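As a plain string of letters, each chain reads:
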Amino acid sequence: MRHDAEPEVLNTSLNDETALREYARPYDTYRPGLVPRVLGWFLVACGDLVYGKKPSYLKFRSVEVIARVPYQSWESAVYTLLTLFYSSEERAMELCKLSRFANLAKDNETMHVVVISQFEKRDRKHGVFLRTVIPMIFAFFYYWAAYWLYLISRRAALELNYLFEQHAFAQYSEFVEKNADALKAKSAESAYLAWYGRPCANQYEFFRSVRNDELIHRNRSIEEIER
Ligand SMILES: [Fe+2]
Ligand SMILES: [Fe+2]
């Protein structure tokens, strides 16, 4: 298996709808500050403008290209900050804990984008501009915005991520709910998924597991603030 087993156990437990609601409840009503709310609105509005409001393979692919970016930005920001706090074990441990979460989430988001890219290719061919150029340009600017935001305000950076992950969770929930039968009939065969260690019998199981991942990322973002 490519990664830690613990997040996979939590992910599988969220297939149960009652467990999912219970897990989501503590942070369903969390209200981020004004700056993350404005930035979050801007991110979602840009995505809707280019890819439409409705969930689709193409939109998910772009969302995933962008979703993995802040985790790497945070790791870089933590790396930068560590140079200032080598002499404080307490601060160093705080920073490394965030870095560990970011690392796991980054690998997880990479799995999403690689596997969804395969599904999107099988489903329909889109032009290089929508598939690659737009998400790449967006990811470039988002990387630096997330890096500086983390250095300026750790809370704002994590709250912005909460909003982005909440949006992703809502989109996957809608997709899984509305297309359950069609997704159950589609193969989720993927060498990368097998290597990652997440067995899925069909695309319904896969997208349900991605929905669960996004909720875990959402909650963990706020747990990091509260820790
Ligand atoms: Fe994702
Ligand atoms: Fe996520």
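On a predicted model such as this, the values are computed, not experimentally measured, just so you know.

Among the structural elements, Val-63 can be located in helix H4 (residues 57–67). Linking Val-63 and Glu-109, residues 46 residues apart in sequence, is a C-alpha distance of 9.9 Å.

Looking at the iron ion (ligand 1), one finds its protein donor set to be Glu-64 (OE), Glu-64 (OE), Glu-109 (OE), His-112 (ND1) and Glu-214 (OE), positioned 2.0 to 2.5 Å from the metal centre. Ordering the donors of the iron ion (ligand 1) by residue number gives the pattern E-x44-E-x2-H-x101-E. In this structure the iron ion (ligand 2) is found 3.7 Å away from the iron ion (ligand 1), and Glu-109 serves as a bridging donor for the pair. With a gap of three residues between them, Glu-109 and His-112 both fall in helix H6 (residues 89–123), about one helical turn apart. By relative accessible area, His-112 is classed as buried at 0%.

A few words on the side chain of Arg-218. Relative to the assigned elements, Arg-218 resides in helix H11 (residues 203–226). A polar side-chain atom of Arg-218 sits 2.8 Å from the main-chain carbonyl oxygen of Ala-24.

For the rest of this paragraph, the subject is the packing of helix H5 (residues 69–82) against helix H7 (residues 128–152). At a minimum axis distance of 8 Å, the contact between H5 and H7 shows a crossing angle of 40°. When the axes of H5 and H7 are compared, the pair comes out oblique. The hand of the H5/H7 crossing is right-handed. Contacts between H5 and H7 involve Val-69, Pro-70, Gln-72, Ser-73, Trp-74, Ser-76, Ala-77, Val-78, Thr-80 and Leu-81 from the former and Ala-139, Tyr-142, Tyr-143, Ala-146, Tyr-147, Tyr-150 and Leu-151 from the latter. Here the residues of the contact of H5 with H7 sort into 13 nonpolar, four polar and no charged.

Calculation rules
- Here, residues in each chain are numbered from 1, in the same order as that chain's written sequence.
- The lettering of chains begins at A and the numbering of ligands begins at 1, in the order of writing.
- For a predicted model such as this one, the threshold for reporting local features is a pLDDT of at least 70, and the threshold for listing and counting side-chain atom pairs is 80 or more; totals across whole chains, interfaces and linings nevertheless cover every residue.
- Hydrogens are left out, water is left out, and the side-chain values use all remaining heavy atoms of the structure.
- Put simply, DSSP marks the helices as runs of H or I at least four residues long and the strands as runs of E at least two long, and each gets a number from the N terminus on.
- Donors, by definition, are the N, O and S atoms found within 2.8 Å of a metal, the threshold being 3.2 Å for Na, K and Ca, and water is not counted, so a site can look incomplete.
- Partly exposed describes any residue whose relative accessible area lies between the buried limit of under 20% and the exposed limit of over 50%, with all areas from a 1.4 Å probe on protein chains only and scaled to the type maximum.
- Polar contact criterion, stated in full: a pair of N or O atoms within 3.5 Å, where within protein one must be able to donate a hydrogen and the other to accept it, and residues adjacent in sequence count only if both atoms are side-chain atoms.
- Only the stretch in contact is used when a helix axis is fitted, and all axes are lines through C-alpha atoms; the angle between N-to-C directions ranges over 0 to 180 degrees.
- Should an angle fall under 35 degrees it is called roughly parallel, over 145 degrees roughly antiparallel, and 65 to 115 degrees roughly perpendicular, with every other angle called oblique.
- Take the far helix as your reference; a near helix turned counterclockwise from it by less than a right angle gives a left-handed crossing, and one turned clockwise gives a right-handed crossing.
- A contact between two residues is defined here by any heavy atoms of the two lying within 4.5 Å.
- Polar here means any residue other than Ala, Val, Leu, Ile, Met, Phe, Trp, Tyr, Cys and Pro, which are nonpolar, and Asp, Glu, Lys and Arg, which are charged; Gly is therefore polar.

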